[in-house]
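# Coordinate analysis (summary)
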Amino acid sequence: MAAAAAYLADQKKGADIRVFDVSEHIKVADYFVVVSGTSRPHVKALYDEIHVRLKALGERHSKAEGADLGWWVLLDYVDVVIHILQPEAREYYALDALYRECPQVDFSKVTLPAGIDAPLRMAE
């Protein structure tokens, strides 16, 4: 799922996408996905895309944190936590430095779930 989220962020022009394997360093999740959006609307668009597409694949997260502000949106899927930040927030909170010792996953080499690019049906 982490690779799927990173792929979706990449498709929406997310910047500096990183997938950290944090399983050996913290116990709250296995993977952290960190992505930058260029502006508040871009952060919200990234959130919407990831939320809607992963939901269509049957994945659910707890209530999104920060979606209303668009500064730093956090999606918690239990084993995968997704951080979508504006560049200033990413620099300020320095998540990349905090997890620099964690291995990074090359999401482009991970097999993605079937249907990730399937057209979405509008609610009737």
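What counts as what
Residues numbered from 1 in each chain as written. Predicted model: local features only at pLDDT ≥ 70, side-chain atom pairs only at ≥ 80, totals over all residues. Heavy atoms only, no water. Buried < 20%, exposed > 50% of the residue type's maximum accessible area, 1.4 Å probe, protein only. Helix = DSSP H or I, 4+ residues; strand = E, 2+ residues; numbered from the N terminus. Pairing = 2+ DSSP bridges. Phe/Tyr/Trp six-rings, centres within 6.5 Å; stacked < 30°, edge-to-face > 60°. Axes fitted to C-alpha atoms, helices over the stretch in contact; angles between N-to-C directions. Core = buried A, V, L, I, M, F, W, Y, C linked by side-chain atoms within 4.5 Å. Contact = heavy atoms within 4.5 Å.

## Focus: the pairing of strand β2 (residues 31-36)
A regular strand places its side chains on the two faces of the sheet in alternate fashion. Counting buried positions over the six residues of β2 gives five, a clear majority of the element. The pairing of strand β1 (residues 15-21) with β2 spans five bridges and is classified as antiparallel. Looking at the pairing, Asp-21 lines up with Tyr-31 of β2. Inspection of the sheet shows β2 paired to strand β4 (residues 80-85) by six bridges, in the parallel sense. Among the inter-strand pairings, Phe-32 is bridged to a residue of β4, identified as Val-81.

## A look at the packing of aromatic side chains
Tallied over the full model, the rule gives four aromatic pairs. With a centroid separation of 4.9 Å and an interplanar angle of 90°, the aromatic rings of Tyr-92 and Tyr-93 are classed as edge-to-face. Clustering of aromatic rings is evident, with ring pairs tying together Phe-20, Phe-32 and Tyr-99.

## Thoughts on the sheet that holds β2
The strand order across the open sheet built from four strands is β1-β2-β4-β3, with neighbouring strands paired in mixed fashion. Unpaired on one side and paired on the other, β1 and β3 (72-76) mark the two borders of the sheet. The mean inter-strand angle of the sheet, taken between neighbouring strand axes irrespective of direction, is 10°.

## Comments concerning unusual backbone geometry
A positive phi angle, near 45°, is found at Asp-16, a position not held by glycine. Secondary-structure assignment places Asp-16 in strand β1. One non-glycine residue with positive phi stands out, namely Val-78, at about 75°. Within the fold, Val-78 resides in the loop between β3 and β4.

## Some remarks on the nonpolar core
Counting residues in each nonpolar core, the largest one holds 26 residues, and the members touching the most others are Val-33, Ile-50, Leu-54, Leu-75, Tyr-77, Ile-82 and Ile-84. At the level of elements, α1 (2-11), β1, β2, α2 (40-56), β3 and β4 are the ones that each hand at least two residues to this core. Here this core takes eight residues from α1, the largest share from any one element. Not counting the four nearest positions on each side in its chain, Ile-50 is found in contact with Ala-5, Leu-8, Ala-9, Leu-75, Tyr-77, Ile-82 and Ile-84. With 11 residues, the next largest nonpolar core counts Phe-20, Val-81, Leu-95 and Cys-102 among its residues.

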